[in-house]
Amino acid sequence: ERNTRPVQARRTQTANQTALSWNQMWQLIWTAGALAVGTFFLLLYVRGYRKFRRAFPVEHKAAQEWKRAHPLKRKFAVKSFGGMESPMTYGIFRPVILAPGALSWWKEAEAKFALEHEYIHMRRFDAAFKFALALALTIHWFNPAVWLFYILANRDMELSCDEAALYRERLYLR
């Protein structure tokens, strides 16, 4: 039995099959990219969590006085970890300020500025914002504008905390 459909109908059917396969191919590429970027962020988190679990509480008098003077509605800790160069904050619900083991608590002005900077991150929920940035980048990994936004937003967040810490320090010195 011969195919009696017109040639135009056969061409349209072939074009639709090709378009569907292109669509499926792009979905696979997007899924692979999203999985790669998401896995990257997940591995960074797990690696950091495992490493920072070994941090120990800072028991220096200056750090404890600073913590008493900086209340937060959420419970937070100040810990020390030897394997890092600069202070950082991690955690959303029970944040931790992680100070490098080499931080000189005897240079109170430097130590207090570093703690103040990290405290501002905690007050502003910057960890949650960074999570949202990572999620946006995972979903829109193919968009160069989102990569640029991710980089610039992180930079601006750090500069803003520096500015706020300097402002608070100037108020404190008055």
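Summary of the structure given here. (Residues numbered from 1 in each chain as written. Predicted model: local features only at pLDDT ≥ 70, side-chain atom pairs only at ≥ 80, totals over all residues. Heavy atoms only, no water.)

## Observations concerning the overall build of the chain
Cut-off, in case you're wondering: Runs of H or I in DSSP of at least four residues are treated as helices and runs of E of at least two as strands, each being numbered from the N terminus. Working definition: with a 1.4 Å probe on protein chains only, accessible area under 20% of the residue-type maximum means buried, over 50% means exposed, and in between means partly exposed. Contact criterion: two residues are considered in contact whenever any of their non-hydrogen atoms come within 4.5 Å of each other.
The number of helices and strands found in the chain is five helices and four strands. Going residue by residue from the N terminus, the α and β elements of the chain occur as α-β-α-β-β-β-α-α-α. The buried share among the 174 residues of the chain stands at 28%. Contacts in the chain between residues at least 24 apart in sequence constitute 55% of all its contacts with a sequence separation of at least 6.

## Brief notes about a nonpolar patch on the surface
As a reminder of what qualifies: Residues enter patches when they are more than 30% accessible in relative terms and free of salt bridges; like-charged ones are connected within 9 Å and nonpolar ones (Val, Leu, Ile, Met, Phe, Trp, Tyr) within 5 Å. Per-residue accessibility takes into account occlusion by the displayed protein chains alone, with areas from the Shrake-Rupley method and a 1.4 Å probe. Should a side-chain nitrogen of Lys or Arg be within 4 Å of a carboxyl oxygen of Asp or Glu, the pair is scored as a salt bridge.
Where nonpolar side chains cluster on the molecular surface, the patch consists of Trp30, Phe131, Leu135, Ile139 and Phe142 and spans about 510 Å² of accessible area. With three residues, helix α4 (residues 126-139) is the single largest residue contributor to the nonpolar patch. Mapped onto the elements, leucine 135 comes out in helix α4.

## Observations concerning the nonpolar core
Threshold: To qualify as a nonpolar core, a set must consist of buried Ala, Val, Leu, Ile, Met, Phe, Trp, Tyr and Cys residues joined through side-chain atoms within 4.5 Å.
Core analysis: the biggest nonpolar cluster contains 13 residues, and Trp66, Phe76, Val78, Ile97, Trp105 and Leu115 have the highest contact counts within it. Every element with two or more residues in this core is listed here: α2 (61-69), β4 (96-100) and α3 (108-123). Tallying contributions element by element places α3 first for this core, with four residues. Leaving out residues up to four positions away in the same chain, phenylalanine 76 has contacts with Trp66, Lys67, His70, Pro95, Ile97 and Met122. Counting six residues, the second largest nonpolar core, distinct from the first, contains Phe52, Phe81, Met84 and Leu98.

## A few points about the sheet that holds β4
Put simply, the rule is: What makes two strands pair is DSSP finding at least two bridges between them.
Reading across the sheet, the four strands line up as β1-β2-β4-β3 and stay open at both edges, with mixed pairing between neighbours. Unpaired on one side and paired on the other, β1 (56-57) and β3 (88-90) mark the two borders of the sheet. Where strand β2 (residues 77-81) lies against β4, five bridges are found, and the strand directions are parallel. When the sheet's bridge partners are listed, alanine 77 is paired in β4 with valine 96.

## Topic: the layout of surface pockets
Note the cut-off: Residues are called lining when one of their atoms sits within 4 Å of a cavity or pocket point, these points coming from a 1 Å grid over the protein atoms alone, where a cavity is a set in which a 1.4 Å probe fits but cannot get out and a pocket is an open set with protein on both sides within 12 Å along at least five of seven lines. Grid points are joined across faces, edges and corners, and a volume is the space filled by probe spheres set on the points. Put simply, Ala, Val, Leu, Ile, Met, Phe, Trp, Tyr, Cys and Pro go in the nonpolar bin, Asp, Glu, Lys and Arg in the charged bin, and everything else, Gly too, in the polar bin.
Size it by volume and the largest pocket reaches roughly 1600 Å³. Tyr45, Met88, Thr89, Tyr90 and Gly91 are, among the 40 residues lining the largest pocket, the residues nearest its centre. Those elements that provide at least two residues to the lining of the largest pocket are α1 (7-52), β2, β3, α3, α4 and α5 (144-173). Broken down by element, the lining of the largest pocket gets its largest block of residues, ten residues, from α1. Class assignment for the residues of the lining of the largest pocket results in 22 nonpolar, seven polar and eleven charged.

## Focus: the side chain of glutamate 118
Operational definition: Under the convention used here, Asp and Glu are negative, Lys and Arg are positive, and both His and the chain ends fall outside the count.
Along the chain, the position of glutamate 118 falls in helix α3. Despite its burial, glutamate 118 remains without a salt bridge, the nearest opposite charge being carried by lysine 130 at 8.3 Å. The residues touching glutamate 118, leaving out its near neighbours within four places in the chain, are Pro87, Met88, Thr89 and Ile97.

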